[in-house]
Amino acid sequence: MHRRISPLRLGLTVAAAALFGALLATSGALNAQTSAQITEAELSVLYPREIGPAVTGGRITDIEVQTDDHSTMYVATASGGVWKSVNAGHTFDPIFDDQAVSTFGDIAIAPSNPNVLYVGTGEQNNRQSTSWGNGVYRSDDAGETWRHLGLVGTRHVGKIEIHPTNPDIAWVAGLGNLWAANEERGIFKTTDGGKSWQKVLYVDEFTGGVDLEIDPSNPDVLYAAMYQRMRKAWGFNGGGPGSGIYKSTDGGSTWNELTNGLPDVDMGRIGIAISASNPSIVMALVEAPNRPTPAPVVAPGRGGSGGRGAGGRGGGRGGRGGRGGGTPDATGTYRSEDGGATWEKVSNENGRPMYYSHIFIHPTNPHLVFSAATNTTKSIDGGREWQNISAQATYDVGVHLDMHAMWLDPDDEEHFFLAGDGGLHETFDGGVNYKKINTFVVSQFYGIGVDMREPYYVYGGLQDNHSWMGPSETRHYDGILNDDWQQIGFSDGMYQQVDLAGPRYVYSSATGGSYTRVDVIGGTKRSIRPQAPPGVQYRFDWTSPGLASIHQEGLFYMGGNRLFISRDFGETFEATEELDRGIDLATLELMGVPTGDVYISRDDGVGGFGVTSTLAESPLDMNILWVGTDDGNVQVSQDQGKSWTEVSGNVPGVPDGTYVSRVAASMASRGTAYATFDGHRNGDFSPYAYKTTDFGATWTPINAGLPEGSVSVIVEHPGNADVLFLGTEHSAWVSTTAGTRWTKLQHVPNTSYDDMLIHRREKDLVLGTHGRGIWILDDTRFFAEWGEAQAAAAHLFPMDNGTMFRYRKDNSYRAQAAFAGVNPVDGVELTYRLGPGDGPAELEISRDGIVVRRMSVPGGAGLHRVNWDLRHGDPSQPDVWSRFDDPDYPRPPNQSGEVWVSPGVFTVTLKARGVESAKTVEVVGDPLLDLTTADYQATERFLLQAAAIADRARAASQAPGITEEEAARLSALAREVQALTRGYGDGGRFGDGNFGPPTAAQIGRLAALQEEIDAVSPPDGGGG
């Protein structure tokens, strides 16, 4: 795309940066105006592009392969949708992108009809980043279309089983709300294809179904694993007396708890598997650790003897104290060979149960068992001895750890698919070697950043897949390849910030405030974590925020329980006062259990509490800082952090103590800022977004009309304060009315948008999703004049500059199994809006009053976006613009007949509705080529002259009275002229081209060819 003109100087002084901010603020203030809300139809002409990465993978929760056709398979992800392959995993397509959510716990194929699919939304994992769904969906056409079946309150689905002969009978294990008590959890059954559901097993408001197995030889026999758990922002309790294994022998009408040989203590997460070849064999991974200290004496509370029928379970379990300790430690692998009547603990295998607990028995060999966890293991003796098949030579080498899903080939014990946090893998030798399938993007970003290189690079921190950087565009004809992405950090990557001094100073973070300063050019890294003095404790969030100042080089902010300020690139830090509420965790409870008494997966994944969750610096005044905390504080400082004012108490309508997901300072005025709150950690999924204009003294809600889904991020357009972008758990939104109304961004996936930013130079909107990688909406400048355009019959918006960008054919024959991100369109994007009515519309491009190109463009009412590829056309008649969209090619392969313009200033004129609207655009040469403007002009003249001579020869060959011999000679001369220009501009069919000036020999040969054509042509030129 080819825009990269006049970049900001990297070494801005404080004064210059402040002036820059003031100019931006003035622009925003001047352009801020009451305007119409942009519509979905208008947004539909914008095509954000997916840049990847696919190489990192992302969390996959289930794999299903069609029984009678192993080439058809489905992959369900934690937050990246459902994907389908019809060629055994060679390529994948998303099949759930038009639905409301993108998070999944399970997918099931009906054994009797492979066109019938059920999916359960909301992943069954218990992470801090776990996403939630809205129930169960069904497809009757193999994923082409879906219908919602309800069960919204289940929020997380552990497993779905479908009757082997009747696809309208199905059972759903619903985990229920991870963050709050609710009753829509347990085992649900439908007998009418999901039109209605019956809750057939219910334990209590904290316990849901995490796993479910059906006897393939007798569908009346089912096993259910029930799991009691709750997470809050400040802690996790992963078990209790509600956890257990249940069996039904009447299709789920009644259930009995299985206890003989299973731990008689409070249990945590449980995973179960049944042997398809010998259904009497059932296995389970059980989490049941010892209580670390003697428990208080409480009544066992086993409750009454009532049955566990359709309405729930008898008299309940009495007090929440549970069953007490028990010895020895009972966590491990259990096996039953009599249909669950008795159980035997056969090994201690069960790695990090709260996150995994996945066990699989091979369909034809009841002794071949697999456990997917941090390490994937295999047993050939029914679970007694285990072999690590993770294929990881050392950390970060080989196959990614942390697996959640498997599909075992019933025809080949050595062949299976294995998937988890690092994506999808396949093995044909039983787990000795794996192939990673990097053909689809499900990467999960937390925080993103950008630099000022040309083209700029995007930085991102990923869930369990480190920190990476990749170019916003490349010179490959293919696009942005997996190999273009580079890892710059380890562990779960979080915030990524680039210092004003440039990419040699990148602040890259991992979990819990582990910050590293990276020179991404040289590849060096330096730890910069603040060190607490004796007697002082520093705490950090799992996703501890960082912020590089836009005012001063080396000024970096880092958030913990205090704000840490470095003025020397992270070498040293100043610490402010504590900014949290000082909540004593000992006073809090999880499921009625004091935090100090929690011992099953206690606080797994909680980095700290009472810490900063978001930071902002005013673009107008570097002394104005904003912070938000995970315990609900919003604080503002007007003196660089020396003193603070807590203002969250002034925000109306938000439950006290709600997690602050984002604070963002405005360019409209010093006291204007935005704050968003995320209540899902308390079971509240409402969207909360607010604006203040008086440093937080008062706040106005700006979330009207947003659907259910926590708000993660908000961004103000730098040229128009009325224009806002907002990301929620399930979608991205745009407001052109200062937040009074919102419209969903089009042509992007429904997934979690954890971070957004607008590039300061390019004005691109960069979207960091937690499930579908990075997306870029190129050049949002048009939003700055949105209000002005409403009253115009035809309005051409300002545009980015254009660069003559030389694409390269630098690789060959990559086949069809490699992902490539999308490069920008050719040339410069032209955005315009037409008022009511219809009729023709034309864009005319001219230089110094001479028309070089005319394009017939869409003329309907509303917003339009087209592109000019920086090439000449026939100025006597317009060519018809059309959007290039060919699945077989990343860009047009044959453009060798079109002549590039030379650098200069061009006028673009929109002609429609009887009026004209004009803007100028500057075109410059390729920044990597050592060519002068005169060089480009010489090439342009040569190519235009050659094209005119060739056209004249072809026309003369068709002139009346021309002999056959003369016609043949003229056609041959025209081909020779064309051959003389081959290799200039575009080489054709993705070949490399040349912008350099013609040689003297080429100029001389063209002149000679012209003389010969003149000699052969009729006196009147043959109409030329």
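Peer 1: Any chance you could explain unusual backbone geometry here in plain terms?
Peer 2: Most peptide bonds take the trans form, and the phi angle of most residues other than glycine is negative. The step from Gly52 to Pro53 runs through a cis peptide bond, and the omega angle for that step is 0 degrees. By the secondary structure assignment, Pro53 is in the loop between β1 (49–52) and β2 (60–65). Glu454 connects to Pro455 through a cis peptide bond whose omega is -10 degrees. In this fold, Pro455 is placed in the loop between β32 (445–450) and β33 (457–462). Positioned with a positive phi, Ala142 is a non-glycine residue whose angle comes to about 60 degrees. Look at Leu870: it is not a glycine, yet its phi comes out positive at around 65 degrees. In this structure, Leu870 sits in the loop between β68 (862–868) and β69 (879–880).

Peer 1: In this structure, what is going on with empty space enclosed by the protein? I would like to understand it.
Peer 2: The gaps of empty space that remain are located by a probe, the size of a water molecule, rolled over the atoms. Taken as a whole and judged by the stated rule, the model has eight cavities of 30 Å³ or more. Put simply, the second largest cavity is a space of about 570 Å³. Looking at the second largest cavity, it is lined by 32 residues, and the ones nearest its centre are Gln128, Tyr446, Thr543, Tyr659 and Arg681. With three residues, the single largest contributor to the lining of the second largest cavity is strand β51 (residues 659–665). For the lining of the second largest cavity, the residue count by class is eight nonpolar, 14 polar and 10 charged.

Peer 1: Sorry if this is basic, but what is going on with the nonpolar core here?
Peer 2: Proteins that are soluble and globular tend to have nonpolar side chains buried together. Counting residues in each nonpolar core, the largest one holds 30 residues, and the members touching the most others are Ile245, Ile270, Val286 and Trp343. Those elements that place two or more of their residues in this core are β15 (222–228), β20 (270–274) and β21 (282–286). Residues Val857, Trp868, Leu910 and Tyr936 belong to the second largest nonpolar core, which totals 28 residues.

Peer 1: Looking at this structure, I do not really get the sheet that holds strand β61 (residues 774–777). What am I missing?
Peer 2: Across the sheet, four strands lie side by side as β1-β61-β60-β59; this open sheet has antiparallel pairing. Since the sheet does not close on itself, it has two edges, and those belong to β1 and β59 (753–758), each with one partner. Pairwise comparison of adjacent strand axes, ignoring direction, gives a mean angle of 25 degrees for this sheet. Note that strand β60 (residues 765–769) and β61 share four bridges and pair antiparallel. In the strand pairing of β61, Leu765 is matched with Leu777.

Peer 1: Sorry if this is basic, but what is going on with the environment of Thr737 here?
Peer 2: Following the sequence through the fold, Thr737 ends up in the loop between β57 (732–735) and β58 (743–744). Exposure remark for Thr737: the relative accessible area of 8% places this residue in the buried category. Separated by 174 residues in sequence, Thr737 and Leu563 have C-alpha atoms that sit 33 Å apart. Apart from residues no more than four positions distant in its own chain, Thr737 is found in contact with Ser35, Ala36, Gln37 and Asp722. Among the polar contacts listed, one links the side chain of Thr737 to the side chain of Gln37, at a separation of 3.3 Å.

Peer 1: What should I look at first to understand the pairing of β33 in this one?
Peer 2: Note on strand geometry: in a regular strand, side chains alternate between the two faces of the sheet. Of all the six residues making up β33, six are buried; the element is thus mostly covered by neighbouring parts of the structure. Covered by surrounding structure in β33 are Tyr457, Tyr459 and Gly461 together with Val458, Gly460 and Leu462, the residues of both alternating faces. Looking at chain direction, β32 and β33 are connected through four bridges and run antiparallel. Paired with Gly449 across the two strands is Tyr459, which belongs to β33. Linking β32 back to β33 in an antiparallel pair, the connection comprises six residues. As defined by bridge partners, β33 adjoins strand β34 (residues 467–471) across five bridges and the pair is classed as antiparallel. Its bridge partner lying in β34, Gly460 is registered against Trp468. Where β33 hands over to β34, the hairpin turn is made up of four residues, of which Asp464 adopts a positive phi near 55 degrees.

Peer 1: Sorry, what's going on with the pairing of strand β39 (residues 515–519) here?
Peer 2: Of all five residues in β39, four are buried; the element is thus mostly enclosed. The turn joining strand β38 (residues 506–509) and β39, which pair antiparallel and follow one another in sequence, is formed by five residues; a positive phi near 65 degrees is taken by Gly512. As paired elements, β39 and strand β40 (residues 524–527) share four bridges and run antiparallel to each other. Within β40, the residue paired with Thr516 across the bridge is Ser527. Here β39 hands over to β40 after four residues, with Gly523 in that stretch at a positive phi of 90 degrees.

Peer 1: Before we go on, may I ask you to explain the packing of aromatic side chains in this structure?
Peer 2: Each pair of aromatic rings is reported with the distance of its centres and the angle of its planes. By the definition in use, this model includes 31 aromatic pairs. Three or more aromatic residues link up through ring pairs in this structure, and these residues are Phe725, Phe782, Phe783, Trp786 and Phe797. Geometry around Tyr457 places Arg453 over its ring, the cationic atom sitting 3.9 Å from the centre. The ring of Tyr659 has Arg681 sitting right over it, with the charged end atom 3.8 Å from the ring centre.

Peer 1: Looking at this model, I keep getting lost on the sheet that holds strand β63 (residues 802–803). Mind explaining?
Peer 2: Pairing between the strands of a sheet comes from backbone hydrogen bonds, and it takes one of two forms, parallel or antiparallel. The six strands are arranged β63-β71-β70-β66-β67-β69 in an open sheet whose pairing can be described as mixed. In this open sheet, the two strands that pair with only one neighbour each are β63 and β69. Two elements, strand β66 (residues 841–847) and strand β67 (residues 850–857), share seven bridges in a ladder whose sense is antiparallel. Across the sheet, the residue bridging to Ala841 is Val857, located in β67.

The rules behind the values
- Note that residues are indexed from 1 along each chain, following the sequence as it is written.
- This being a predicted model, a pLDDT of at least 70 is required before a residue's local features are given, and a value of 80 or more before pairs of side-chain atoms are given or counted; all residues contribute to the totals for chains, interfaces and linings.
- Hydrogens and waters are ignored; side-chain quantities use all the structure's heavy atoms.
- Secondary structure is summarised from DSSP: a helix means a run of H or I of at least four residues, a strand means a run of E of at least two, and numbering begins at the N terminus for each.
- Buriedness of a pocket was judged along seven lines, with at least five required to meet protein on both sides within 12 Å; pockets are open sets of points on a 1 Å grid over the protein atoms alone, cavities are sets where a 1.4 Å probe fits but cannot get out, and lining residues have an atom within 4 Å of a point.
- Grid points are joined across faces, edges and corners, and a volume is the space filled by probe spheres set on the points.
- Asp, Glu, Lys and Arg are counted as charged, while Ala, Val, Leu, Ile, Met, Phe, Trp, Tyr, Cys and Pro are counted as nonpolar; the rest, among them Gly, fall into the polar class.
- What we call a nonpolar core is a set of buried Ala, Val, Leu, Ile, Met, Phe, Trp, Tyr and Cys residues that are connected through their side-chain atoms within 4.5 Å.
- Only protein chains enter the accessibility calculation, which uses a 1.4 Å probe; a residue is then buried when its area is under 20% of its type maximum, exposed when over 50%, and partly exposed in between.
- Note on pairing: DSSP must find at least two bridges between two strands before they are called paired.
- Note on method: axes are straight lines fitted to C-alpha atoms, helices fitted across the in-contact stretch only, with angles between N-to-C directions ranging 0 to 180 degrees.
- Contacts are assigned to residue pairs with any non-hydrogen atoms lying within 4.5 Å of each other.
- Two N or O atoms count as a polar contact when they lie within 3.5 Å, although within protein this holds only if one can serve as hydrogen donor and the other as acceptor, and sequence-adjacent residues are included solely when both atoms are side-chain atoms.
- Pairing of aromatic rings covers Phe, Tyr and Trp, the last counted by its six-membered ring, and requires centre-to-centre distances within 6.5 Å; plane angles under 30 degrees mean stacked, over 60 mean edge-to-face, and any other angle means tilted.
- Sitting over a ring, as applied to charges here, requires NZ of Lys or CZ of Arg to be within 6 Å of the ring centre and within 35 degrees of the ring normal.

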